[in-house]
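Structural overview for review
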Amino acid sequence: MKRLLAALCLSSIAVAAHAEISQKFGPLEIHYNALTTDELLPEVARAYKIERSKTRGLVTMSVLKQNKVGVPTPVPAKIAVYATNLNQQLGHVTMREIKEGTAIYYLGEFRVSPPDTLKFTASVEVAGEPKHEMVFEQKFYK
């Protein structure tokens, strides 16, 4: 399964317009990405029960925290994501946690009607850390 998730990450960053991005908040580093699910490799989509489609989107997130020696380590988080389209329609993106060995990822699916630009607002809570809000946009093409 780790290989499949790695393939998910690799397939999601294969297109330059969808490169994975991160934001730092003190000891936390939050990685995120959004893409249409038709960009996923078929075996990755099957493994994570994701429907491949040009009208379905996927947001991926992971949260890393520096351990005592300064190495970023995956940590569990409570993540809430909302997406707003160009028509100002707001939708909640339900995130699900995936644990594989020491890796922890969060995946959320949503509807998208390309061409469109979605503005994502995410709230990230990690035990022992203040709650962090972040906003990012992603353009989706036909």
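Residues numbered from 1 in each chain as written. Predicted model: local features only at pLDDT ≥ 70, side-chain atom pairs only at ≥ 80, totals over all residues. Heavy atoms only, no water.

**Structural notes on the overall build of the chain**
Helices and strands together make up the secondary structure of the chain, namely two helices and ten strands. Ordered by position in the sequence, the α and β elements of the chain form the string α-β-β-α-β-β-β-β-β-β-β-β. Taking the intrachain contacts of the chain between residues at least 6 apart in sequence as the baseline, contacts between residues at least 24 apart amount to 56%. Accessible surface for the chain amounts to roughly 7,800 Å². Of this, 54% is attributable to carbon and sulfur atoms. (Helix = DSSP H or I, 4+ residues; strand = E, 2+ residues; numbered from the N terminus. Contact = heavy atoms within 4.5 Å. Areas by Shrake-Rupley, 256 points an atom, 1.4 Å probe, with all protein chains shown as cover.)

**Some points on the nonpolar core**
With 27 residues, the main nonpolar core has Met61, Val63, Ile79, Phe120, Val124 and Met134 as its most contacted residues. Counting only elements with at least two residues in this core, the list comes to strand 2 (28-36), strand 3 (56-66), strand 5 (78-84), strand 8 (103-111), strand 9 (116-125) and strand 10 (132-140). Sequence-distant contacts of Ile79, that is, excluding residues within four places in its chain, are made with Met61, Val63, Met95, Tyr106, Ser123 and Val124. In this structure, Leu35, Val44, Tyr48 and Ile50 belong to the second largest nonpolar core, which totals nine residues. (Core = buried A, V, L, I, M, F, W, Y, C linked by side-chain atoms within 4.5 Å. Buried < 20%, exposed > 50% of the residue type's maximum accessible area, 1.4 Å probe, protein only.)

**As for the packing of aromatic side chains**
Going through the model one piece at a time under the given rule, you end up with four aromatic pairs. Here Phe120 and Phe136 contribute two aromatic rings whose centre-to-centre distance is 5.0 Å and whose plane-to-plane angle is 20 degrees, an arrangement assigned as stacked. One end of the pair, Phe120, is in strand 9; the other, Phe136, is in strand 10, and 16 residues separate them in sequence. Neither Phe120 nor Phe136 differs from the other in exposure class; each is buried. Three or more aromatic residues joined by ring pairs make a cluster, and in this case those are Tyr32, Phe110, Phe120, Phe136 and Phe140. (Phe/Tyr/Trp six-rings, centres within 6.5 Å; stacked < 30°, edge-to-face > 60°.)

**Brief notes about the side chain of Ser62**
You can see Ser62 is positioned in strand 3. Residues within four places of Ser62 in sequence aside, it is in contact with Glu29, Ile30, His31, Ile104 and Tyr105.

**Re the sheet that holds strand 9**
Here we have four strands laid out as an open sheet, ordered 6-5-9-10, and antiparallel in their pairing. The outermost strands of the open sheet, each flanked by one partner alone, are strand 6 (90-93) and strand 10. Strand-to-strand, the axes of this sheet are offset by a mean angle of 25 degrees, without reference to chain direction. Pairing between strand 5 and strand 6: four bridges, direction antiparallel. Bridged to Ala83 within strand 6 is Gly91. (Pairing = 2+ DSSP bridges. Axes fitted to C-alpha atoms, helices over the stretch in contact; angles between N-to-C directions.)

**Considering the pattern of salt bridges**
Tallied over the entire structure, the rule returns five salt bridges. We note a salt bridge from Lys24 to Glu29, for which the minimum N-O separation is 3.9 Å. A salt bridge links Glu129 to Lys65; its shortest N-O distance comes to 3.1 Å. Placement of the pair is Glu129 in the loop between strand 9 and strand 10 and Lys65 in strand 3, with a sequence separation of 64 residues. Through salt bridges that share partners, Glu51, Arg56 and Glu109 make up one connected network. (Salt bridge = Lys/Arg side-chain N within 4 Å of Asp/Glu carboxyl O.)

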